[in-house]
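Descriptive analysis of the structure
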Amino acid sequence: MSVSLSTPISSLMTNKRRVSALKSLGLITVGDALTYYPFRVTEPVALKALREARAGQSMAFAAQVRQVRVVPMNARRGFRLEVLVDDADFARTRNINGAIARLVFFSGKRQYIDWLSARMRSGADVVVAGEPTEFNGQLQFTHPEVLTIDPDPRGSARSGGAASDKAAARRMYDADTEEEALRRVCRPRPVYHAISRISSEHIHEAILGFLDALQGGVVAAADAGLRSATTGPADVDSARLRSDAAQGVIADGAVRNGAAKDDDTTTADASRPVDVADADIAETSPGAAAMRRAVPDVIPESIRAAHGLMHRAQAFLAIHDPQSTGEFHQAIATLRYEEALISQTAVLQSRQHTRHTRSRACVDDSLRDMFIASLPFKLTGGQRKVIDDVAADMAQSYPMQRLLQGEVGSGKTVVAVCAMLQAVGAGYQAVLVAPTQVLAEQHYQTISAMVNGDSMQVAVTLLTGGMRLAARRKALAQAASGEPGIIIATHAAFSSTFQAPNLALVVIDEQHRFGVEQRESLRDQSELTPHLLVMTATPIPRTAAMTWFGDLDISWLTELPGGRKPIRTVVVPEADARTMAAMFAHVRRRIDAGERAYVVCPRIDMDEDSDSTGGAGENEDGFEAFDDGSGDERSQAAGSSRSSARRSGDGNADGSEGGKPKPPLHAVAEIAQRLQSLPQFAGIAFATLTGRDDDATKTQVMADFSSGRTPVLVATTVIEVGVDVPQASCIVIFDADRYGLSQLHQLRGRVGRGGTDSWAFLVSRAEPDSIAAQRLEVIHHSLDGAEIAQADLELRGAGDVLGDAQSGGKSGLKLLRVVKDAAIIADARADADALLDADPDLSHAVQLAGAVLDFTRGGESQIVSS
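The paragraphs below set out a description of the structure included in this document. Along each chain, residues carry numbers from 1 onward, in the same order as the chain's sequence is written. pLDDT decides what is reported in this predicted model: residues at 70 or higher carry local features, side-chain atom pairs at 80 or more are listed and counted, and totals for whole chains, interfaces and linings draw on all residues regardless. Note that the side-chain values use all heavy atoms of the structure and ignore hydrogens as well as water.

Attention now moves to helix α19 (residues 469-480). Its 12 residues place the ends of α19 16 Å apart at the C-alpha level, agreeing with the 16 Å of an ideal helix rising 1.5 Å per residue. All buried positions along α19 are accounted for by Arg472, Ala475, Leu476 and Ala479. Taken down its axis, α19 places every buried residue within 100 degrees of arc, on the same side. Away from the buried face of α19 by more than 90 degrees, exposed residues Ala470, Arg473 and Lys474 are located. Buried positions along α19 lie against β12 (429-433), β13 (460-463) and β14 (485-489). Only DSSP runs of H or I reaching four residues or more are called helices, and only runs of E reaching two or more are called strands; each is numbered from the N terminus. Backbone geometry just after α19 places glycine 482 at a positive phi near 80 degrees. By this rule, a helix spans an expected 1.5 Å times one less than how many residues it contains. Think of it in three bands: with a 1.4 Å probe and only protein chains considered, a residue is buried below 20% of the maximum accessible area for its type, exposed above 50%, and partly exposed in between. The directions from the helix axis to the C-beta atoms form the arc being described. Between two residues, a contact is recorded if the distance between any of their heavy atoms is within 4.5 Å.

Here we come to the sheet that holds strand β18 (residues 568-573). One open sheet holds the six strands; their spatial order is β18-β25-β24-β19-β23-β22, and the pairing between them is parallel. Single-partner strands in this sheet number two, and they are β18 and β22 (686-689). Direction aside, neighbouring strands of the sheet carry axes that sit 20 degrees apart on average. Note that strand β19 (residues 596-600) and strand β23 (residues 712-715) share four bridges and pair parallel. Of the residues in β23, the one forming a bridge with valine 599 is valine 714. Those strands touched by helix α28 (residues 741-748) are β18, β19, β24 (728-733) and β25 (759-764), and its axis lies near 150 degrees from that of β24. On top of the sheet, helix α29 (residues 771-781) reaches β18 and β25; it is set at about 155 degrees to β18, its chief contact. Pairing between strands is defined by DSSP: at least two bridges between the two strands are required. Only the contacting stretch of a helix is used when fitting its axis, a line to C-alpha atoms as for every element, and angles between N-to-C directions run 0 to 180 degrees.

With that settled, the discussion passes to the side chain of serine 555. Residue position: serine 555 is located in strand β17 (residues 553-557). Any N or O atom pair separated by 3.5 Å or less is treated as a polar contact, with the protein-specific requirement of one donor-capable and one acceptor-capable atom, and with residues adjacent in sequence counted only for side-chain atom pairs. A distance of 2.7 Å separates the side chain of serine 555 from the side chain of arginine 402, its partner in a polar contact.

Right, here's the structure in full:
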């Protein structure tokens, strides 16, 4: 059977339960499995004789089986296998006397115990690796790793010589020689993220089998326990063959040197430098040749040589079956660079493609200048510069693609209006798309007032999904007429009924709230591609912006308009009743002064499924729970044995790591009822707002809140984006320790928009000095969105900061880290730029071209271009 990266793993494995478990990890093909990377590698296991053993310190040794005994367990169902081993021969090579140890195995399955006892019959040579303990005065290893050694490997090879005979011999024994077995048990082991259905060890075992199948075809696949029913019980996929090309070498004298070392331990050399030319897979090996054919290199050879990188096939072997920790980390570096090169090539290709697309040039800026002159305030220097940059872009015959990143309240809306008026002044249409109806209506009211006065009259049309049918038809007809004007829309602009034949500019507000296909639909309105301006107040670090929005020109607005006062941020421990009472009293004083207050909760009601909102994830109102890893993580390791948990150092066998389950999140209904019962809020009217409310209710609630009829609004994070109530001076955020920093910064920006003093209270149940408490200190001491975003990215990863659809786990980039790998990304971008200059179609880098195409189909380059 020919095996490739696209081969389904179900066609290679007989254990269907394991196939199903791997599928739950997203591993469908061999390629999926090979790119399921371990998150760390263990240190090599020390070689020691039994008399050198130390309790709790992992070790490996060679021994001979002296006695095998199967004992039924009386206290519970099942059997215990006891194997006495003697390491006299191995200890002699270290100038130490031999000793006896007991190997113990427990199982409820007699078939498994019988299979183990048959492998370790009296007189058998074995290599053992595990963690020693003492029981009844005797050294004992519980469920150690055991490899059996062929007593006569040359004789096995001579008997018949047929491939089937060799395969049968290899299935009977795990290794041909003691040196080979010791090398295998001593070398570093990769550790994978596991789930309750499959442990890290079983994931590793399966991937090693796939590597064997890629190298050796049918024989290796059979030896790997993939398609062989004779290997052992169905739940024991352990016997496998590792080709010499993948084995590497152990340090000279590390196994049997005839004399003991000066120190008391010996390990496989984990730190020796890896020479890429020497360590590269031998072309003369049939397994290596098959591996190279199945796993062609993506990085062009000239770039690989310039950076000293491994071949992709070699990197896969070094990650999943490392001979040393140095080799493992070099493989990680290779594949990390590969991801950087693919992503940056895709971004630059998209940018090149855009420059060859035609758009409507908007060169008349008289209407824009008239608007700027009518403003009752002076533009900041940052606003003026961005407006000029946008005007220059829109005057070109190819489409503008610009990302505007601005602090909350930095004046992005004015910049957007200037851009839209430049399109209208040139005789075209412009559309601004807002993520919510509340925000769209606010934009409509604000922009209508700004562009319709004594000096100018501009048509502004509102289009939302919540409009009455007659009003909606009228808005659609106005857009379809093609008459110059501004259209303010929600998701309704993405419907097939929306047509704007003279569309010259699309402005996307809070771009991460929209899907790729939605944004692309607006750009396909006509043969000429409209200019694109995407805006976000979500803090994005510059390194992340350069990586994920690399084909957009990026502008930052960092200055706040005059009159804005900094927001005071206070962290309030919820358990501190006195501080909580003082906070509520302060909020009441601000309400009595005619101001407004937000109270934000992560959940809508207490009946909401806690699993969806109590842990990491995002609920229907956009609350993005931050998981700092301190809570209950039973799902991470429920399937792992206690011995494997000890070996891997991953905490308790149940995966809880000793942490306490986190308390349930507060809900809007609960907090509204609780606050109304407090004496501080006697006589104050409350309102609630959640994502479940219909559009009419949301509009009425916001109107009552703005007017002061209900001065306290208890809401979910539905208010996070675009809600503008100048009288709002206080925001109280419950469960603040469970939010991402960028989301807290966004919520904090809902107050302080009217020039008054303002406060943000972060109510937390985090333990002092915990990671969550340390995170809150970041936002407590900083109002700089870029600084907060950098910290958020380092703590949470790009996927959470930018949205899962744009990076992180669903992006296809599994190793590249936006912050830490900024230098790698810069190098890869330079290489990609030079490569595309010399070969724009990548006709001489076919494998890279294919990888870029796969990456693009995954949505990455479309994300940054839309």
